[in-house]
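Tertiary structure, described
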Amino acid sequence: MSDEDEIILKDLNDADLVDQMKDDLYDGLADEVFEGVEILLERGWDANLVLSDALVEGMRIVGVDFRDGILFVPEVLQCAGAMKKGMGLLRPILAQSSTKSSTGKFVIGTVKGDIHDIGKNLVGMMLEGAGFEVIDLGINNPVENYLEAIDKHRPNVLGMSALLTTTMPYMGVVIEELDKRGILKELPVMVGGAPLNQEFADAINATSYGRDAAMSAELAKTLVGKNM
Ligand code: B1M
């Protein structure tokens, strides 16, 4: 691209900038996505709106082309990198808690066999914003990791994330193990991820199903009795 063709992000109006950010996310251009987030915030945009309208919507488009075989894993990894860079700027804002004292402890992790972590990270940020102390176990967690974390951190809620239809049944394996050990009756378990729904959460005996990050933070407060 020649210098003349270069798009100056700050010269774009809001709508064009958001469209350009979705294109940049699609192209895995992390610095440009970061700059776009910065500009929208400077223009007074709410962090949640930047997240939903530019980043999450951009990733939805990536997901469609990934499904249709237009984008492949290496490209989607670049998109994920760009999304994470943008999220990095939003993190301190979203995680800013209005609550002085801790709402509770929340252990969260993506289940065994699954390496998707963008949604989980977002949920973690929103939980921090709701005053939770979040212990993030990362990705690809076997049941032992959850048990160890419960033992070590004594959380108020356990959260599991899965993005694949092949990994979501593993949440049921973890819940069964918690039940066998008598932990489930004391520890609420929240599950979430794109392929899940309330029926699935009920079927595996999860305490609650988080549809998206904002709703999950509200639900978590209810689970620990702090949403009155
Ligand atoms: Co993957 N992938 N992927 N992928 N990937 C999906 C999930 C897929 C739907 C794409 C598609 O076909 N359209 C498809 C799954 C199909 C299925 O299972 N039926 C898929 C596939 C097939 C795969 C591979 C198998 C591809 C391959 O290798 N051939 C492979 C699997 C790797 C593995 O995990 N073992 C794979 C790999 C990857 C990448 C590594 C390239 C990358 C992940 C990078 C990363 O996460 N660091 C990736 C990505 C980015 C996606 C898509 C495009 C985007 C996911 C995402 O970040 N969404 C995805 C398509 C899609 O979902 N549209 C896709 C944005 C995020 C904000 O939303 O994660 O849904 P989400 O989180 C939401 C809610 O779900 C909820 O709140 C979040 C915020 O609102 N939520 C919770 C999530 N967890 C929660 C927990 C809670 C509560 C709420 O409580 C604890």
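Residues numbered from 1 in each chain as written. Predicted model: local features only at pLDDT ≥ 70, side-chain atom pairs only at ≥ 80, totals over all residues. Heavy atoms only, no water.

Before going further, it helps to examine the site of the ligand. If you check the shell around the ligand, you find 35 residues, and the closest are Ile 115, His 116, Asp 117, Ser 161 and Thr 165. One of the backbone N or O atoms of Ile 115 is found 2.8 Å from an oxygen atom in the ligand. At the level of elements, helix H3 (47-67), helix H4 (73-94), helix H5 (118-129), strand S3 (157-161), strand S4 (189-192) and helix H9 (213-223) are the ones that each hand at least two residues to the shell around the ligand. The greatest single-element share of the shell around the ligand, amounting to five residues, is contributed by H4. Across the shell around the ligand, the residue classes tally to 18 nonpolar, 11 polar and six charged. (Near = heavy atom within 4 Å. Polar contact = N/O pair within 3.5 Å; in protein donor to acceptor, adjacent residues only side chain to side chain. Helix = DSSP H or I, 4+ residues; strand = E, 2+ residues; numbered from the N terminus. Nonpolar A, V, L, I, M, F, W, Y, C, P; charged D, E, K, R; others polar.)

Let's shift gears to the coordination of the cobalt atom of the ligand. Where a metal carries four tetrahedral donors, each ideal angle is 109.5 degrees; where it carries six octahedral donors, the ideal angles are 90 or 180 degrees. No protein donor other than His 116 (NE2) coordinates the cobalt atom of the ligand, and that contact is at 2.2 Å. Structurally, His 116 is set in the loop between strand S1 (104-110) and H5. (Donors = N, O, S within 2.8 Å, 3.2 Å for Na, K, Ca; no water.)

Attention now moves to the sheet that holds strand S2 (residues 132-136). Judged by pairing direction, the sheet is parallel, and its five strands sit side by side in the order S2-S1-S3-S4-S5 without closing on themselves. One side of each edge strand has no neighbouring strand; the edge strands of this open sheet are S2 and strand S5 (208-210). Between one strand axis and the next, the sheet turns through 25° on average, direction left out of account. Relative to S3, S1 is paired through five bridges, and the arrangement is parallel. When the sheet's bridge partners are listed, Phe 106 is paired in S3 with Val 157. Docked against the sheet, helix H7 (residues 169-180) engages S3 and S4, running at close to 155° with respect to S3. Relative to the sheet, H9 contacts S1, S2, S3, S4 and S5, its axis offset from that of S5 by approximately 155°. (Pairing = 2+ DSSP bridges. Axes fitted to C-alpha atoms, helices over the stretch in contact; angles between N-to-C directions. Contact = heavy atoms within 4.5 Å.)

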